[in-house]
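Structural characterization, general
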Amino acid sequence: MSDPILATVCEIPALRKLVTSRRQQGATIGFVPTMGALHAGHTSLIEAARVDCDFVVVSIFVNPTQFGPDEDFEKYPRILEQDLAKCAGAGADLVWTPDTSIMYPDGFSTHVTVKALSRILEGATRTNHFQGVTTVVTKLLLSCLPDIAYFGAKDFQQQAIIRRMCLDLNIPVEIKTCPIIRDTDGLALSSRNAYLSVEERESGLSLSRALRLAEEKIAAGETDLEQIKADMHELLHATPLLKLDYATIADPTTLEDISTVQPEMVALIAAWVGATRLIDNCQLVPASAENS
Ligand code: AMP
């Protein structure tokens, strides 16, 4: 069987021309923004777009402005040929690979900030990270103008911020959040997992274990959220090589920490394992809602 046909573009006018021509033919446009080093988490988004939409665009751009000065921008994996093969295999029609001079032309001085949501959790230690994300995602959405854009629940705070931003700025794009894809051992797939040694990877499993603990306690009817948070902390603090940043239970829209059970909740964890920062989360369903 021959490979599916996959077009690639770099310049924004070329992207717009292709998208406009497909739209004029009546096609719905799906868009999956990525930073490359694609894995099954990314391809699940492309596959979801393939199901919903007639024309699927994937962007690959390692966005410098969302990395802090001490973060891994330089060493972030860049494997374009392999990524293009994965895009084709998952059913993408077009891959857009803008370069930095296109996204950040000389004299660039405009930023998009979603204030409150960007200061907490990841934003508490990663100053300017979400401003980098929201600025680039605004530019990506305005360049592609899709009907639907796909994001992973893996970056839960990111998708919440992007939803808020699209509402606030009346950006006419539907945001869909797709489930977290995990390895068989429970570790959420991430391009950064490639940095982990065997021992670090074993320690990294504590994130999904702590989330499962919270999930099980809530499903069993536990209503003391502070106790559940303490149990998560205990498990994580007992893990070798792991330095906990936060483990909390929050409202999925405001991301504010909560102490009493509500119909929709999310448990969120961030931790360093060696030099690698891992994040993970899961939605919690109270026993009363499960039984209804
Ligand atoms: P990134 O390339 O890290 O910017 O991620 C691009 C998109 O893939 C984001 O919307 C991520 O949330 C999503 N993504 C990353 N890892 C996973 C995963 N394990 N499961 C589902 N989506 C993911």
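Before going into details, it helps to say that this report is about the structure given with it. (Residues numbered from 1 in each chain as written. Predicted model: local features only at pLDDT ≥ 70, side-chain atom pairs only at ≥ 80, totals over all residues. Heavy atoms only, no water.)

**As for empty space enclosed by the protein**
By rolling a water-sized probe across the atoms, one finds the places where empty space is left. Following the criterion strictly, the structure yields one cavity of 30 Å³ or more and no others. In this model, the largest cavity occupies a volume close to 60 Å³. Counting only elements with at least two residues in the lining of the largest cavity, the list comes to helix H9 (198–219) and strand E9 (276–284). Each residue belonging to the lining of the largest cavity can be placed in one class, and the counts come to five nonpolar, four polar and two charged. (1 Å grid on protein atoms, 1.4 Å probe; cavity = no way out; pocket = protein on both sides within 12 Å on 5 of 7 lines; lining within 4 Å. Points joined across faces, edges and corners; volume = space filled by probe spheres on them. Helix = DSSP H or I, 4+ residues; strand = E, 2+ residues; numbered from the N terminus. Nonpolar A, V, L, I, M, F, W, Y, C, P; charged D, E, K, R; others polar.)

**Regarding the sheet that holds strand E2 (residues 29–34)**
Pairing is parallel across the open sheet formed by six strands, whose spatial order is E1-E4-E3-E2-E5-E6. Two strands in the sheet have a free side with no partner beyond their single neighbour: strand E1 (7–9) and strand E6 (174–178). Neighbour-to-neighbour, the strand axes of the sheet open up by a mean angle of 25°, direction not taken into account. Alignment of E2 against strand E5 (residues 148–152), held across two bridges, turns out to be parallel. Note on E5: the bridge partner recorded for Gly 30 is Ile 148. Lying over the sheet, helix H2 (residues 40–52) contacts E2, strand E3 (55–60), E5 and E6, oriented at roughly 150° with respect to E5. Most of the contacts of helix H8 (residues 156–168) go to E6, to which it runs at about 170°, and overall it touches E5 and E6. (Pairing = 2+ DSSP bridges. Axes fitted to C-alpha atoms, helices over the stretch in contact; angles between N-to-C directions. Contact = heavy atoms within 4.5 Å.)

**What about the layout of surface pockets?**
Approximately 340 Å³ is the volume attributed to the second largest pocket. Every residue lining the second largest pocket is counted, 18 residues in all, and those nearest its centre are Phe 156, Gln 159, Arg 163, Pro 252 and Gln 283. Mapped by element, the contributors of at least two residues to the lining of the second largest pocket are H8, E6 and E9. If one sorts the elements of the lining of the second largest pocket by residue count, H8 sits on top with six residues.

**Structural notes on the site of the ligand**
Near the ligand lie 17 residues; those nearest to it are Met 35, Gly 152, Asp 155, Ile 181 and Leu 189. Between the ligand and Met 35, the relevant distance is 2.9 Å, taken from an oxygen atom to a main-chain nitrogen or oxygen of the residue. With respect to the ligand, the backbone of Leu 189 contributes an N or O atom lying 2.9 Å from a nitrogen atom. Burial of the ligand by the protein chains amounts to 92% of its free accessible area of 490 Å². Of all elements in the fold, only E2, H2 and E5 reach the threshold of two or more residues within the shell around the ligand. No other element matches H2, which puts three residues into the shell around the ligand. Residue classes in the shell around the ligand are distributed as nine nonpolar, six polar and two charged. (Near = heavy atom within 4 Å. Polar contact = N/O pair within 3.5 Å; in protein donor to acceptor, adjacent residues only side chain to side chain. Areas by Shrake-Rupley, 256 points an atom, 1.4 Å probe, with all protein chains shown as cover.)

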